[in-house]
Amino acid sequence: MKKILFVCLGNICRSPAAEGVFRKMFAAQNPTASPSCDSCGTGDWHIGNLPDARMRRAGAQRGYNFTHRARQLRESDFADFDIIIAMDRDNRTDILVRAPSEFDDKKVRLFTEFCTGKFANFSEVPDPYYGGEKDFELALDIIENGCAALVRLAG
Ligand code: 4NP
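For the structure given in this document, a descriptive report is provided here.

What counts as what
- Residues numbered from 1 in each chain as written.
- Predicted model: local features only at pLDDT ≥ 70, side-chain atom pairs only at ≥ 80, totals over all residues.
- Heavy atoms only, no water.
- Helix = DSSP H or I, 4+ residues; strand = E, 2+ residues; numbered from the N terminus.
- Buried < 20%, exposed > 50% of the residue type's maximum accessible area, 1.4 Å probe, protein only.
- Contact = heavy atoms within 4.5 Å.
- Areas by Shrake-Rupley, 256 points an atom, 1.4 Å probe, with all protein chains shown as cover.
- Phe/Tyr/Trp six-rings, centres within 6.5 Å; stacked < 30°, edge-to-face > 60°.
- Lys NZ or Arg CZ within 6 Å of the ring centre and 35° of its normal.
- Near = heavy atom within 4 Å.
- Polar contact = N/O pair within 3.5 Å; in protein donor to acceptor, adjacent residues only side chain to side chain.
- Nonpolar A, V, L, I, M, F, W, Y, C, P; charged D, E, K, R; others polar.
- Salt bridge = Lys/Arg side-chain N within 4 Å of Asp/Glu carboxyl O.

Let us look at the overall build of the protein chain. From N to C terminus, the protein chain includes six helices and four strands. Beginning at the N terminus, the succession of helices and strands in the protein chain can be written as β-α-β-α-α-β-α-α-β-α. With respect to the three principal axes, the spread of C-alpha positions in the protein chain is 40 × 35 × 30 Å. Burial analysis of the protein chain (155 residues in total) assigns 48% to the buried set. Sequence-distant contacts in the protein chain: of pairs separated by 6 or more residues, those separated by 24 or more amount to 73%. Roughly 7600 Å² of accessible area belongs to the protein chain as shown, and the carbon and sulfur atoms make up 48% of that amount.

Here it is, written out as structure tokens:
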């Protein structure tokens, strides 16, 4: 089974939501296995915090319970995970700067590479932190779409 790490800037909006959605979708398709995934941020401002209340609320309305505690990307993540998924292009740049080797560079992907259908044209998951309710809904729409493909790939 592939080990997947979701990475955004603060680890309180997009990547913990992606981790939570992935976990729920994985459990629905693989009732006897547990997923190997985590999330983190490139920044350190929110270490230890639960996801942003707005993202938890938006997720709860769709049946998710986002309980991850924020942590920062660390060097051992490059050895510990098979796929490191950046939510936007800035995140990807920040991850690549920290990647210890070219081998590790190859693990880094953009979340939207896995999106299909009406979300196939998105090139990143827009940061909802400074936005409103609609922005959180859009982030979750994109996340649900990409996670459906990722669950098939991971299993
Ligand atoms: P995230 O959103 O990267 O999706 O967790 C953000 C959270 C916090 C900040 C920026 C983006 N911040 O500037 O504190």
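Summed over all chains, the structure comprises six aromatic pairs. On the numbers, 5.7 Å between centres and 10° between planes, the contact of Tyr64 with Phe66 is stacked. Considered together, Tyr64 and Phe66 belong to a single accessibility category, that of buried residues. Geometrically, the ring pair formed by Phe119 and Phe122 is tilted, given 5.8 Å between the ring centres and 35° between the ring planes. On the accessibility criterion, Phe122 (26% relative accessible area) is partly exposed. Through a chain of ring-to-ring contacts, the aromatic side chains of Phe6, Phe22, Phe26 and Phe111 assemble into a single cluster. Over the aromatic face of Tyr64 sits the side chain of Lys24, whose NZ or CZ is 5.4 Å from the ring centroid.

A word on the site of the ligand. The environment of the ligand is formed by Cys8, Leu9, Gly10, Asn11, Ile12, Cys13, Arg14, His46, Asp127, Tyr129 and Tyr130. Ile12 is positioned with one of its backbone polar atoms (N or O) 3.0 Å from an oxygen atom of the ligand. A distance of 3.4 Å separates an oxygen atom of the ligand from a polar atom in the side chain of Tyr130. In the complex, 93% of the free accessible area of the ligand, which totals 350 Å², lies under the protein chains. Grouping the constituent residues of the shell around the ligand by class yields six nonpolar, three polar and two charged.

This part is about unusual backbone geometry. As a rule of thumb, non-glycine residues mostly have phi less than zero, and peptide bonds are mostly trans rather than cis. Even without being a glycine, Asn11 presents a positive backbone phi close to 60°. Looking at the secondary structure, you find Asn11 in the loop between strand 1 (4-8) and helix 1 (14-29).

Right, let's talk about the pattern of salt bridges for a bit. Tallied over the full model, the rule gives 13 salt bridges. Residues Arg89 and Glu124 are paired through a salt bridge, measuring 3.5 Å at the closest nitrogen-oxygen approach. With a gap of 35 residues between them, Arg89 in helix 4 (residues 89-98) and Glu124 in the loop between strand 4 (108-110) and helix 6 (133-154) connect regions that are remote in the sequence. With relative accessibility at 38%, the residue Arg89 sits in the partly exposed group. Accessibility expressed as a relative area gives 22% for Glu124, which makes it partly exposed.

So far we have only geometry, and geometry alone does not tell us how the molecule works.
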